[in-house]
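Summary of the model geometry
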Amino acid sequence: MPVPQQLEFFVDPSRCIGCQACVQACTECDTHRGEAMIHLEYVDRAHSVQTVPVVCMHCEQPTCAEVCPADAIKRSGDGVVQSARKPRCIACGNCVVACPFGVPELYIDRAIMMKCDMCYDRTSVGKKPMCATVCPSQALFFGTREQALALRPQSAPTHTFRFGDQTITTRVNVMVPRRAVPSHVDVTAAMAERASGRGLRLPVLDSADPFADVEV
Amino acid sequence: MSPPATRATAWAIAFAIGLGVLIMLGSRNLAHFDAALVGYTFATLFATFGITYRYAMWLQRPPTRMYWRRGWRAFLAPRALPGNLARFAKRAVVEVAANRFILRRDRMRGVTHLLLMWGCFLAAAITFPLVWGWIHFETVPGHLGLYRAYLFGYATGDFAVSSALAFVVFHGLVWASLLVLAGVMLAFRRRMRDRGAEAVQQFGEDVLPLVLLAAISVTGLMLTISYTWLRGYAYSFLAILHAITVIVTLLWLPFGKFFHIFQRPAQLGVGFYKDEGARGDQARCRRCSRPFAPAQLIRDLITVERDLGFRYEMAGGHYQEVCPACRRALFGLAQGALWTAPAPPPSEDG
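Rules and cut-offs
Residues numbered from 1 in each chain as written. Chains lettered and ligands numbered in written order. Predicted model: local features only at pLDDT ≥ 70, side-chain atom pairs only at ≥ 80, totals over all residues. Heavy atoms only, no water. Helix = DSSP H or I, 4+ residues; strand = E, 2+ residues; numbered from the N terminus. Rg over C-alpha atoms; globule rule 2.2 N^0.38 Å. Buried < 20%, exposed > 50% of the residue type's maximum accessible area, 1.4 Å probe, protein only. Contact = heavy atoms within 4.5 Å. Areas by Shrake-Rupley, 256 points an atom, 1.4 Å probe, with all protein chains shown as cover. Lys, Arg positive; Asp, Glu negative; His and termini not counted. Charge placed at Lys NZ, Arg CZ, Asp CG, Glu CD. Core = buried A, V, L, I, M, F, W, Y, C linked by side-chain atoms within 4.5 Å. Domains from an automatic or database assignment. Buried area = accessible area lost by both parts, 1.4 Å probe. Salt bridge = Lys/Arg side-chain N within 4 Å of Asp/Glu carboxyl O. Axes fitted to C-alpha atoms, helices over the stretch in contact; angles between N-to-C directions. Left-handed = near helix turned anticlockwise from the far one by under 90°. Nonpolar A, V, L, I, M, F, W, Y, C, P; charged D, E, K, R; others polar. Pairing = 2+ DSSP bridges. Patch = residues over 30% accessible without salt bridge, like charges linked within 9 Å, V, L, I, M, F, W, Y side chains within 5 Å. Polar contact = N/O pair within 3.5 Å; in protein donor to acceptor, adjacent residues only side chain to side chain. Expected span 1.5 Å × (residues − 1). Phe/Tyr/Trp six-rings, centres within 6.5 Å; stacked < 30°, edge-to-face > 60°. Lys NZ or Arg CZ within 6 Å of the ring centre and 35° of its normal.

1. A short note on the overall build of chain A
On a plain count of helices and strands, chain A comes out with six helices and nine strands. Relative to the 2.2 N^0.38 estimate, which gives 17 Å for 216 residues, the radius of gyration of chain A is 17 Å and therefore close to what a compact globule would have. On the principal axes, the C-alpha backbone points of chain A span a range of 50 × 40 × 35 Å. Taken across its 216 residues, chain A has 60% of its residues classed as buried. Sequence separation of at least 24 residues holds for 60% of the intrachain contacts in chain A that already meet a minimum separation of 6. A total accessible area of about 8700 Å² is found for chain A, and carbon and sulfur atoms account for 52% of it. Positive and negative side-chain charges in chain A, numbering 22 and 23 respectively, have mean positions lying 5 Å apart.

Next comes the structure, spelled out in structure tokens:
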């Protein structure tokens, strides 16, 4: 069954508190049981507590699918970009490097790419994705557009992103200020941006992140 | 017709004609060709056309073309060739023949695939040479209890009709059917019980192949049952029914899930490309300066993206030169920057 069109995903990274609940919940999804497909990215762990939850944005023209030499990544009619088809994926890693949002993950031992599929086992029957179900700060929200707008009176959703000269539109929305809704979110313009909340300083993390390899 | 389609059609015709020539040669100008199997023969010729056409179209996609060339170049590099041959043999056995990567994904799924794969492989290895007249059997003159096997018209050996070897050989398709049926049952069990599989499976892509394999196996076994225990009851009907299931499957080979049989060996080529990339320079992220992928991969990906019409060029470089972790961080930073930006001045009209 397709994901109902009136149900949308709204991501607001500025609300993320880094609690990891989404990461834990993600492992419960039946389509990738035991593996978390959501990324909880530390923007600059040595200096800031800022974290970014990153789910698949389900691009309308998915770069990952276009660059896949095995033609293994398909976008279903409801706009959800599915994980690589297991019989076809040859684990080349093109999609991992090509995705503008840095979403797909490669499991070399199993020769498969897996990624967030918006908890297709749940959303295709009208339920919320696991991450949105447990997010305490509603940085991840799944519902109707009306619900999202009522919940966030100062925010507006947008789904257009700019990466250099490339514009990407997505099925998943990101929340931006309603007072000045931009035509797009310019991701590459943030190359010089620094993490917010830089009052914290942990010099021990300056050279190398000792927790980088820790599986949470 | 587009140039890629024209090229693919030419390749498809060439391969179909090539198979036709091989059938003529292998069956000694159809002297050993079994006319009762002509339907199967034409189905294989059509399947060859269709598979080659789709394969040729697939190879002309920019990313596939790039990997095809790079894979062969990496494999045939003179310095690496001896090692590559050894690695090829090992990977062909471990990954392809033994399905290690599928067993690692899920042990039961791996067992299921092994049963299906080897059942189908055994059936194909028996059926196709018979259908094409490449193999046939004759009674040894003067020895009614002996059979002689011929390959491409050349005698290869004699064996007693009542021997254990003869029993095993002449029931080869029965063993293949049993392997396939066991695999089909395990696959259906998973598809009916696994909620993840239930959510994403499609009838044409995931269920129909299993139905076809089961139909071929069951009707094939019914033929054996008919002539072994039922004195040929309904044999003609069953033979037609079995032929229909096989021919439908052969005609469907280029279009559905079975095409992965021909696509999958690309995994071996990609392995050599990755080996070469790991030995070469590594690309460093423009933002965090950490190495994140082989430089060759990034260069090739940029070429492929340009061929596909993507324009990820950015000030001073290319977005592909940013590592995935930094892309995720940039996503958050870009969104955060919108919230910290000063509010726009109120418009003059109020």
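Still to come is the rest of the account.
2. Digging into the nonpolar core
Among the nonpolar cores identified, the biggest contains 87 residues, and F9, V55, I73, F101, L140 and F161 of chain A together with F331 of chain B are the most heavily contacted of them. Beyond its immediate stretch of four places on either side in the chain, V55 of chain A contacts F9, V11, I38, V103, C116, C131, L140 and V172 of chain A. Counting 29 residues, the second largest nonpolar core, distinct from the first, contains L213, A214, A243 and F258 of chain B.

3. Comments concerning the domain arrangement of chain B
Residues and elements named next belong to chain B. The domain architecture assigned to chain B consists of domain 1 (3-268) and domain 2 (281-339). If you average the C-alpha positions of domain 1 and of domain 2, the two centres end up 43 Å apart. Contacts between domain 1 and domain 2 engage seven residues on the former and seven residues on the latter. In total, domain 1 and domain 2 occlude about 510 Å² of area from one another, counting both sides; carbon and sulfur atoms represent 65% of this. Among the residues of domain 1 in contact with domain 2, P62, M66 and R70 are the three that bury the most area, contributing 63% of the side total. With a shortest N-O distance of 4.0 Å, D307 and R65 are connected by a salt bridge.

4. Digging into the packing of helix 8 (residues 172-193) of chain B against helix 10 (residues 203-229) of chain B
Two quantities define a packed helix pair, namely the angle between the helix axes and the distance between the axes. Residue and element names in this part refer to chain B. Two elements in contact, helix 8 and helix 10, have axes whose closest approach is 9 Å; the angle formed by their N-to-C orientations is 145 degrees. Crossing handedness for the pair helix 8 and helix 10: left-handed. In this structure, helix 8 uses V174, S177, L178, V180, L181, V184, A187, F188 and R191 to contact helix 10, whose residues at the interface are D206, V207, L210, V211, L213, A214, S217, V218, L221 and T224. Looking at side-chain class alone, the contact of helix 8 with helix 10 contains 14 nonpolar, three polar and two charged residues.

5. Regarding the sheet that holds strand 2 (residues 143-151) of chain B
Residue and element names in this part refer to chain B. One open sheet holds the three strands; their spatial order is 1-2-3, and the pairing between them is antiparallel. In the strand order of this sheet, the two ends are held by strand 1 (135-140) and strand 3 (154-160), each with one partner. In this sheet, adjacent strand axes meet at a mean angle of 30 degrees when their direction is disregarded. Looking at chain direction, strand 2 and strand 3 are connected through six bridges and run antiparallel.

6. Observations regarding the sheet that holds strand 1 (residues 8-11) of chain A
Remark on secondary structure: sheet strands pair via backbone hydrogen bonds, oriented parallel or antiparallel. Read across the sheet, five strands follow the order 6-1-8-7-9 (chain A) without closing on themselves; strand pairing throughout is mixed. The strands lining the two open edges of the sheet, one partner per strand, are strand 6 (140-143) and strand 9 (185-186) of chain A. Here strand 7 (residues 155-163) of chain A pairs with strand 8 (residues 166-177) of chain A via eight bridges, running antiparallel. Paired with T160 of chain A across the bridge in strand 8 of chain A is T169 of chain A. Relative to the sheet, helix 15 (residues 324-340) of chain B contacts strand 1, strand 7, strand 8 and strand 9 of chain A, its axis offset from that of strand 8 of chain A by approximately 50 degrees.

7. Observations regarding a nonpolar patch on the surface
Residue and element names in this part refer to chain B. Together, W118, F121, L122, F167, V168, W175, L178 and L179 line one region of the surface with nonpolar side chains, adding up to about 720 Å² of accessible area. Elements with a minimum of two residues in the nonpolar patch: helix 6 (107-131), helix 7 (164-170) and helix 8. Residue F121 is classed as exposed on the basis of its relative accessible area of 52%.

8. Here we look at the interface of chain B and chain A
Taken residue by residue, the interface counts 63 residues in chain B and 73 residues in chain A. Across the interface of chain B and chain A, roughly 5700 Å² is buried in total on both sides, 61% from carbon and sulfur atoms. Looking only at chain B, the three residues that lose the most surface to chain A are R328, F331 and W339 of chain B, adding up to 14% of its buried area. Connecting chain B to chain A are four salt bridges. For R195 of chain B, the salt bridge identified is with D30 of chain A, shortest N-O distance 3.2 Å. Run the count over chain B and chain A and you get 32 residue pairs in polar contact (both at pLDDT 80 or more).

9. Some thoughts on helix 1 (residues 3-26) of chain B
Residue and element names in this part refer to chain B. Relative to the 34 Å expected for 24 residues at 1.5 Å per residue, helix 1 spans 34 Å between its end C-alpha atoms, a close match to the ideal helical length. Those residues of helix 1 that fall on the buried side of the exposure criterion are A5, A8, T9, A12, A16, L19, I23 and G26. As for helix 1, its buried residues are in contact with helix 2 (38-59). Looking one or two residues beyond helix 1, the residue adopting positive phi is R28, at roughly 55 degrees.

10. Let's talk about the pattern of salt bridges
For the structure shown, the criterion picks out 22 salt bridges over all chains. The shortest N-O distance in the salt bridge between R70 of chain B and D300 of chain B comes to 2.8 Å. In this pair, R70 of chain B sits in helix 3 (residues 62-76) while D300 of chain B sits in helix 14 (residues 295-308), placing the two residues 230 residues apart along the sequence. Comparing R70 of chain B with D300 of chain B shows no difference in burial state: the two are buried. When salt bridges that share partners are traced, they join D30 and R33 of chain A together with R190, D194 and R195 of chain B into one network.

11. Looking at the packing of aromatic side chains
The full count for this structure, using the stated rule, is 33 aromatic pairs over all chains. Ring centres of Y55 of chain B and W58 of chain B lie 5.1 Å apart, and the angle between their planes is 70 degrees; on these two criteria the pair is classed as edge-to-face. Note that Y55 of chain B and W58 of chain B are positioned in helix 2 at a spacing of three residues, about one turn of the helix. Counting every residue linked through ring pairs, the aromatic cluster contains Y55, W58, W68, W72, F75, F88, F259, F262 and F272 of chain B. One residue, R45 of chain A, lies across the ring of Y42 of chain A, its end atom 4.0 Å from the ring centre.

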